[in-house]
Amino acid sequence: MEAFLFYIGKAALAAGAFYLVYLALFQHQKQFVFNRIYLPVSLAVSFLIPLITFTTVKYIGATQTFNPNSFAFLPEAMEETQPEFAYQWYHYLFGIYILGIIVFLSHLLLGHFKAFAIIRYSRLKELFGAQVNLTQKDVHPFSFFDKIVLSEKTLDNPNLEVIVNHEMIHVKEKHTHDILFAEILFLLQWFNPFAWLIKDAIRDNLEYKTDHQITKNNNAEVYQLAMVGLAHKKGVAPFLTALNGSQLKNRIIMMKKKTENRYSLLKQLVVLPLLAVLVMGLSNKEVKTEIVQPKADVKIILDGEVVSSDLPVLKSIDFSEGFNGSDIISALNLTEKVALSYLKINDDNHNVEFIIRTKDFKPEKNQEFDKITSPAQSIRQEEKSSMSYYAVDGKIVSQKEFEKQGEKGFDNVVLLSEKDATNKYGKEYSGIITNATTGSSKFVIKKEHVVRGKVTNEKGEPLAAASVIIKDKSIGTITAMNGNFEIQSDSPITRIEVFMVGYIKKEIKPDGDPNMIIKLEASAKQRNTQSSDITFIKRFNVKGKVTDENGKPISAASIVIKGKNTGTITDDNGDYSLVLGSQNEILLFTKQGYQNKKEMIYGNEVNVVLKTDGDKTTGNNTQPKEPATIKYLPNSYNPGSAAKPLSLTTNKDNPPLFVVDGIENKSIDWLNPDNIEKITALKDKQAEILYGEKAKNGAIIITTKDAAKEKLRNAVVIVNGEKYKGDISDIDPGSIEKMDVLKNESATKLYGTEAKDGAIIITTKNKLDFGDKSPLIFVDGLLYNGDMDDINPENIKSVDVLKDASALAYDPTAKNGVVLISTKSDKITSELDLRKFIAQRIKYPVEAQKANKAGIAQLFAKVNGDGIVYSISEKKVKDAIAVGEVVVTAYGPKPEEVVAADDSNDLSKLLTDEAKRVLQQIPKLDMPEFKGKTIAFTVKFMLQ
């Protein structure tokens, strides 16, 4: 709305500029045809100029890695966090603008209705060769489209022929269309005085032109007298052409002017520089970021020797756009000599090796090259286990079909791990998948000796991260989360060794069975060790300060989580602290006498300034309520003395409500101060919300030590993730590293109704006390650099901890151990689920954030008939189905902290690569509307 007002304002400026040029150069010139074109066209062009946009293309560079502190969200998910609607200045201005359009449109329609009514009830008569509509009403002669209307009284006018000829010219030259066009454009600029002037100038110019043509064949003085003689006639509508039209004096002056127009052409050419100035001044400017894609680093290896891609015969091949292997072979004139050729493509798809072996190659010349190119040129026939599958262009096919298509050649072949296979093709294809993409290049898959199997314990339960190595060799692997493993070797595998910490090492001879089960026996130490689970408690702490407009702290202000009954109040310093179950919450801040405020949580600290509510004042003679003042004197109590245990100063007319251990009391004189655990004073609104009308003067909440101890005894105690069955007093305080207390809903949500009296979470110093020796954390096989508390426990399927040799076997750098976390598989059945999947995984690239780089990544993903995403490209697809955008936000650096990127770094490509990384993880889509289609994804990276 605000943008539209700026647009219409620019159009008004352009219209004004066009009229000023008309006023200075063309108004008093007898160039009626030029003016007839210039005036309405200039008014129309004034609406088009602000729509012109000049785009400047900016080329920038790229980096890698991402910012773990960034987060993504769906734009519509932020609707709830928007402040309540409030009228702004532009709302009122736009309302006035619309009202003006309605008024002038009604006036225009009313005039047309009057004209149609007069014509409808008139009679036709031919006068001087023209059909004329005669009306009984005493109106001035006028023309309306192809109709000429005269009053019956005008028939007696001695200059009747001149009058009819005048109106006939209006009809023949369709002057009504010019006026109607100007009136419609005027509706959109009714507020612009220049629009009024242009509209009048269009009508006057038509009268000037008609007058000029009449005076060529008639006496000018007689014609002028006829105009004056009809001046008293009543008009029907101001937009109708008429003989006695507006400004008779100017029309008579124009008729007497000489026809010579000196320098008329030169004056008309002034319109061109005027147009250029308006376009440059009032058009829009935008900067568009373009990605300069680096050329693929192609290395051509011919019989073990590197061939430069800069050879003249290879100049015609554009390696940056991909290439056809047969084109290289043809360019090198090797079509009849090739014995074998294939592509080797790295993960980034930029470093490519195209290997060619000719029939003339001699093995002794380069033994290493002979070793990598000696296997058969077709896919080796091999008995595959039920764990192996084949896919071509994103579709599962049989081994026979795969090999048949492989004879024609593949552009690319990738061996998918079990996790990648499951994510891409669904649980029914949980195993190793040979994934290929068809094309014209000759691509040979080299198969090695393979041993597959599964490692379990004595109960048949799979063992993850068990080490499996080929005996007397350094080649090996570890088992996956389901215990499966696969070892490949360029020579026959005769013996393998399987071992894991806590189990007895086992050596076996592979029997060729791909479903081979290897059971490991637990060692004596392992048998005596009880397994334990790791419990993740996901919590988020937020704190802050509430102050007034003068920076003074506000005590007893209420902070409540929107949509929940969880909250807190500020202390005497205005400070508060609150434990949340999620960072995606909205806090409501309220305090009597101040305006309420909503705040979205950004970071761990939310400071709020409350404005005074001017509408809420205390009137009449009512005295303000005095808050209760408590003097806590625990050491002065003597049961046998007359001294009061507590000294309270309250307003006698407005006493507060006393609540001791949840029981309401009128007095607390009986209370022993030494037995008081905690005192909380609630004022006014906060007390009334909790205890109703009876607490309108405030409330004093007292918890005794006896009640606190009793509640503590009933609370659930969790020590190192496990429920503690003993007495909490038996735990040595010196062994406690950290202790948290959960109450009410926070406790029951995690531990059920058993924790209705609260939960005490204790972490001892010897449990998961990593210090500076933190283990490596892998989530779904990928290294995780975040905090484990950030992992939603509801999404965790299983957790395993590896130590010592098992950890080093999993990752050689994991000297402090490995934590393996497997999450539940995602099921995508709607567009919203798809976008949430992306938003939960995408991160803001840290180098782009440091360089203060924002941008938009648009990618196109092809989906086959089974719902599998098998191709992701930046190339625009015409008929792609667009889904709603995903917005990734992070905090931008301060101006002095902005890190300038190197010219070689393409920051836009970095954003695109991060979006592509997440899209590659999309599992099978159970959405019929996307199957066999191309999806257009838009990811917007923004810095706050």
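Conventions we followed
Residues numbered from 1 in each chain as written. Predicted model: local features only at pLDDT ≥ 70, side-chain atom pairs only at ≥ 80, totals over all residues. Heavy atoms only, no water. Patch = residues over 30% accessible without salt bridge, like charges linked within 9 Å, V, L, I, M, F, W, Y side chains within 5 Å. Areas by Shrake-Rupley, 256 points an atom, 1.4 Å probe, with all protein chains shown as cover. Salt bridge = Lys/Arg side-chain N within 4 Å of Asp/Glu carboxyl O. Helix = DSSP H or I, 4+ residues; strand = E, 2+ residues; numbered from the N terminus. Buried < 20%, exposed > 50% of the residue type's maximum accessible area, 1.4 Å probe, protein only. UniProt positions renumbered as here; feature names shortened; annotations may be inferred. Phe/Tyr/Trp six-rings, centres within 6.5 Å; stacked < 30°, edge-to-face > 60°. Polar contact = N/O pair within 3.5 Å; in protein donor to acceptor, adjacent residues only side chain to side chain. Contact = heavy atoms within 4.5 Å. Pairing = 2+ DSSP bridges. Axes fitted to C-alpha atoms, helices over the stretch in contact; angles between N-to-C directions. Arc of directions from axis to C-beta.

A.B. asks: Would you mind showing me how to read a nonpolar patch on the surface here?
C.D. replies: On the surface, Tyr263, Leu265, Leu266, Leu269 and Leu272 cluster together to form a nonpolar patch covering roughly 580 Å² of accessible area. It is helix α9 (residues 264-269) that contributes the most residues to the nonpolar patch, 3 residues altogether. In this fold, Leu266 is placed in helix α9. Classification of Leu266 by relative accessible area gives exposed; the value is 57%.

A.B. asks: For this particular structure, what's the right way to read the UniProt feature "transmembrane region" (unreviewed entry) in the chain?
C.D. replies: Under the present numbering, the feature "transmembrane region" (unreviewed entry) in UniProt falls on residues 6-25, 37-60, 89-110 and 265-283. Annotated as residues 89-110, this span is 100% helix and 0% strand, and its ends, taken at the C-alpha atoms, are 32 Å apart.

A.B. asks: What should I look at first to understand the packing of aromatic side chains in this one?
C.D. replies: Working definition: an aromatic ring pair is given by the centre-to-centre distance plus the angle between the planes. Considering all chains together, one arrives at 22 aromatic pairs under this definition. Here Tyr576 and Phe589 contribute two aromatic rings whose centre-to-centre distance is 5.8 Å and whose plane-to-plane angle is 70 degrees, an arrangement assigned as edge-to-face. Linking Tyr576 in strand β27 (residues 575-580) with Phe589 in strand β28 (residues 586-590), this pair joins segments that are 13 residues apart in sequence. Across this residue pair, the class does not change: Tyr576 and Phe589 are buried.

A.B. asks: What am I meant to see in unusual backbone geometry here?
C.D. replies: For residues besides glycine, phi is generally negative; the peptide bonds are generally trans as well. Of note in this structure, Phe128 is not a glycine but carries a positive phi near 55 degrees. Of note, Phe128 is situated in the loop between β3 (123-127) and β4 (130-135). The phi dihedral of Asp393 falls on the positive side, at around 55 degrees, and the residue is not glycine. As for its placement among the helices and strands, Asp393 is situated in the loop between β13 (388-392) and β14 (395-397). On the basis of relative accessibility, which here comes to 25%, the residue Asp393 falls in the partly exposed class.

A.B. asks: How should I be thinking about the side chain of Asn205 in this particular structure?
C.D. replies: In this structure, Asn205 sits in helix α6 (residues 193-217). Classification of Asn205 as buried rests on a relative accessible area of 2%. A distance of 3.1 Å separates the side chain of Asn205 from the backbone oxygen of Phe32, its partner in a polar contact. Excluding residues within four positions of it along the chain, Asn205 makes contact with Phe32, Asn35, Arg36 and Leu39.

A.B. asks: Where do I start with the environment of Ile317 in this structure?
C.D. replies: Inspection of the secondary structure puts Ile317 in the loop between β10 (305-307) and α11 (325-331). Along the primary structure Ile317 and Ala331 are separated by 14 residues, whereas in three dimensions their C-alpha atoms are 9.1 Å apart.

A.B. asks: Whenever I open this one, the sheet that holds strand β23 (residues 516-519) confuses me. Can you help?
C.D. replies: The strand order across the open sheet formed by 3 strands is β20-β17-β23, and the pairing between neighbours is mixed. Looking at strand neighbours, the two that pair on one side only are β20 (484-489) and β23, the edges of this open sheet. Sheet twist, expressed as the average angle between the axes of neighbouring strands with direction ignored, equals 35 degrees. The pairing of strand β17 (residues 449-456) with β23 spans 4 bridges and is classified as parallel. Among the inter-strand pairings, Lys454 is bridged to a residue of β23, identified as Ile517.

A.B. asks: Just checking my understanding: could you explain helix α13 (residues 399-406) for this structure?
C.D. replies: Owing to its 3.6 residues per turn, the α-helix aligns residues three or four sequence positions apart on the same side. For α13, the full list of buried residues reads Phe402, Glu403 and Gly406. The buried residues of α13 occupy an angular sector of 95 degrees when projected down its axis, which confines them to one face. α13 presents Lys400 and Lys404 as exposed residues on the side facing more than 90 degrees away from its buried surface. For α13, the side-chain oxygen to backbone nitrogen distance between the N-cap and Glu401 is 3.2 Å, and the N-cap itself is Ser398.

A.B. asks: So what exactly am I meant to see when it comes to the pattern of salt bridges here?
C.D. replies: Counted according to the given criterion, the structure contains 19 salt bridges. Here Arg251 ties to Glu207 by a salt bridge, and the two come within 3.4 Å at their closest N and O atoms. A residue pair is termed long-range when its members are at least 10 positions apart, and Arg251 in helix α8 (residues 248-256) and Glu207 in helix α6 qualify at 44 residues. The pair Arg251 / Glu207 is uniform in exposure class, with both members buried. When salt bridges with common partners are traced through the structure, they connect Arg36, Glu173, Asp178 and Lys209 into a single cluster.

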